[in-house]
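One-letter residues, chain by chain:
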Amino acid sequence: MTIALITLGGTIAMGGVGAGRPGVVARLTGADLTAAVPGLAELGVPVDIRDAHAVPSAHLTGRQLLAVVDEASRAVAGGATGVVVSQGTDTLEETAFLADLVWSHAAPLVFTGAMRNPTLAGADGPANLLAALRVAAAPHTRDLGVLVAVNDEVHAARWLRKTHSTSAATFASPNAGPLGQVIEGEVRVLTRPLRHEPLPPVDPDRLDATRVALYVVTMDDDGLLLNGLADTHQALVVAGFGVGHVPAALAPVLGDLAERVPVVLTSRSGAGSVLRHTYGAVGSETDLQRRGLLNGGLLDPYKARVLVRLLLAGGAGRDEVAAALARHG
């Protein structure tokens with residue numbers, strides 16, 4: 001019984017100031033990270049450390065994340081009980097969701113990170129890493145898909161949001177709440193959501209070539225920035241007001257785009273669902289769906305973009321995209 005630890009850099013691995021450059025940049029290895037975790041030996045499970053991409057999470061790519069999932073799959077095939085991935089928190093809500101969409105194993109794949117680097121008082125990296133390792137080792141976290149362990153909470157990757165730029169309590173699941181908690185070293189799973197079937201494997205080259213734009217709607221928006229988008233991108237995710245509304249002037253622009261590429265309607269609000277048939281004015285959710293926009297449901301704009309990009313890279317057509325949005329949203 002082992003736990004594989006795949007390290008990707010980020011704040012959790014920032015250990016010092018680089019020569020001639022302001023700010024923390026020096027990277028800690030997985031051995032450095034585990035050496036700084038009090039009580040790790042009491043876990044009683046060997047940790048197989050696999051240092052991977054030493055980059056801030058803002059630099060991570062879909063191709064790299066698919067490679068991380070492949071590495072995690074090899075670890076499970078080699079006998080690992082679970083896998084932990086440590087990375088920066090900037091893109092954690094997107095990377096963990098991407099992994100969840102393609103993770104096919106019962107074994108837990110657990111992401112974690114830190115908001116305070118190890119040079120600061122109250123650094124949260126060691127505690128988050130220990131919690132993630134405990135979650136990966138717990139037998140009752142199997143068949144939950146990809147999880148995120150932070151701040152002694154266990155979240156489903158598909159509901160996780162980063163809600164604050166600096167707070168150690170930044171991660172939350174506004175639409176569902178955490179799946180569980182780590183209490184006195186014990187992992188307590190409080191609810192078990194339905195797990196979706198993973199998407200088929202995606203060719204990294206096709207993922208690289210698939211461009212999905214994200215457009216945030218603002219007051220008095222005329223859509224001028226969307227000119228030519230269908231010539232350069234294969235799909236568009238729209239982050240609309242509230243329950244899925246846009247200014248009246250923008251509605252025909254989005255309708256025209258929807259005739260050429262899939263256009264997905266989501267909410268910029270941070271929680272809650274896009275509605276389907278409550279409002280009927282021009283620019284409402286009903287009007288936009290009539291013009292061909294696809295309803296993103298409970299998916300936030302960032303996760304909708306991740307899902308649609310994977311789907312299109314896998315060869316999905318518009319109907320398949322709509323069906324997947326209905327399942328995941």
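The shown structure was predicted, so the numbers you read here are calculated from the model rather than taken from an experiment.

1. Brief notes about the overall build of the protein
Piece 1. When its secondary structure is counted, the protein shows ten helices and 16 strands.
Piece 2. For the protein, the C-alpha atoms occupy an extent of roughly 60 × 45 × 35 Å along the three principal directions.
Piece 3. The buried share of the protein, reckoned over its 329 residues, is 50%.
Piece 4. Long-range pairs, those at least 24 residues apart, make up 70% of the contacts in the protein between residues at least 6 apart in sequence.
Piece 5. Per element, the accessible surface of the protein, about 14100 Å² overall, is 52% carbon and sulfur.

2. Some words on the sheet that holds strand E16 (residues 294–295)
Piece 1. Reading across from one edge, E13-E14-E15-E16 is the order of the four strands in this open sheet, with parallel pairing throughout. Looking at the sheet topology across the chains shown, the edges are occupied by strand E13 (212–216) and E16.
Piece 2. Summarising the sheet, strand E15 (residues 263–267) and E16 pair through two bridges and their orientation is parallel. Paired with Val264 across the strands is Leu294, a residue of E16.
Piece 3. Contacts from helix H9 (residues 301–313) reach E13, strand E14 (235–240) and E15, with the element oriented near 160° to E13.

3. A word on the side chain of Asp221
Piece 1. Positionally, Asp221 belongs in the loop between E13 and helix H6 (229–232).
Piece 2. It turns out Asp221 is buried and unbridged, and the closest side chain with the opposite charge, Arg268, is 7.7 Å from it.
Piece 3. In terms of polar contacts, Asp221 uses its side chain to reach the side chain of Tyr215, at 2.6 Å.
Piece 4. Residues in contact with Asp221, not counting those within four places in the same chain, are Tyr215, Val216, Pro247, Ala249 and Leu250.

4. Focus: the pairing of strand E7 (residues 146–150)
Piece 1. Among the five residues that make up E7, five are buried, leaving the element largely enclosed by the rest of the structure.
Piece 2. Residues of E7 alternate between two faces, with Val146, Val148 and Val150 on one and Leu147 and Ala149 on the opposite face, all of them buried.
Piece 3. The pairing of strand E6 (residues 109–112) with E7 spans three bridges and is classified as parallel. Residue pairing in the sheet places Leu109 in a bridge with Val146 of E7.
Piece 4. Running through helix H4 (residues 125–137), the crossover from E6 to the neighbouring parallel element E7 is left-handed.
Piece 5. When E7 meets strand E8 (residues 153–156), the two strands line up antiparallel, connected through four bridges. Within E8, the position partnered with Ala149 by the bridge is Val154.
Piece 6. Taken together, E7 and the strand that follows it, E8, pair antiparallel across an intervening segment of two residues, in which Asn151 is found at a positive phi of about 55°.

5. As for the packing of helix H3 (residues 92–102) against H9
Piece 1. Packing of H3 against H9 brings their axes to within 9 Å, and their N-to-C directions diverge by 40°. Taken together, the axes of H3 and H9 are oblique relative to one another. In the packing of H3 onto H9, the handedness of the crossing is right-handed. Together, Glu93, Glu94, Phe97, Leu98, Leu101 and Val102 of H3 and Tyr302, Lys303, Val306, Leu307 and Leu310 of H9 make up the contact between the two elements.
Piece 2. Its residues placed into classes, the contact of H3 with H9 shows eight nonpolar, no polar and three charged.

Calculation criteria
Residues numbered from 1 in each chain as written. Predicted model: local features only at pLDDT ≥ 70, side-chain atom pairs only at ≥ 80, totals over all residues. Heavy atoms only, no water. Helix = DSSP H or I, 4+ residues; strand = E, 2+ residues; numbered from the N terminus. Buried < 20%, exposed > 50% of the residue type's maximum accessible area, 1.4 Å probe, protein only. Contact = heavy atoms within 4.5 Å. Areas by Shrake-Rupley, 256 points an atom, 1.4 Å probe, with all protein chains shown as cover. Pairing = 2+ DSSP bridges. Axes fitted to C-alpha atoms, helices over the stretch in contact; angles between N-to-C directions. Lys, Arg positive; Asp, Glu negative; His and termini not counted. Salt bridge = Lys/Arg side-chain N within 4 Å of Asp/Glu carboxyl O. Polar contact = N/O pair within 3.5 Å; in protein donor to acceptor, adjacent residues only side chain to side chain. Right-handed = clockwise from strand over helix to strand, strands pointing away. Parallel < 35°, antiparallel > 145°, perpendicular 65-115°, else oblique. Left-handed = near helix turned anticlockwise from the far one by under 90°. Nonpolar A, V, L, I, M, F, W, Y, C, P; charged D, E, K, R; others polar.

Read these as geometric descriptors, not functional statements.
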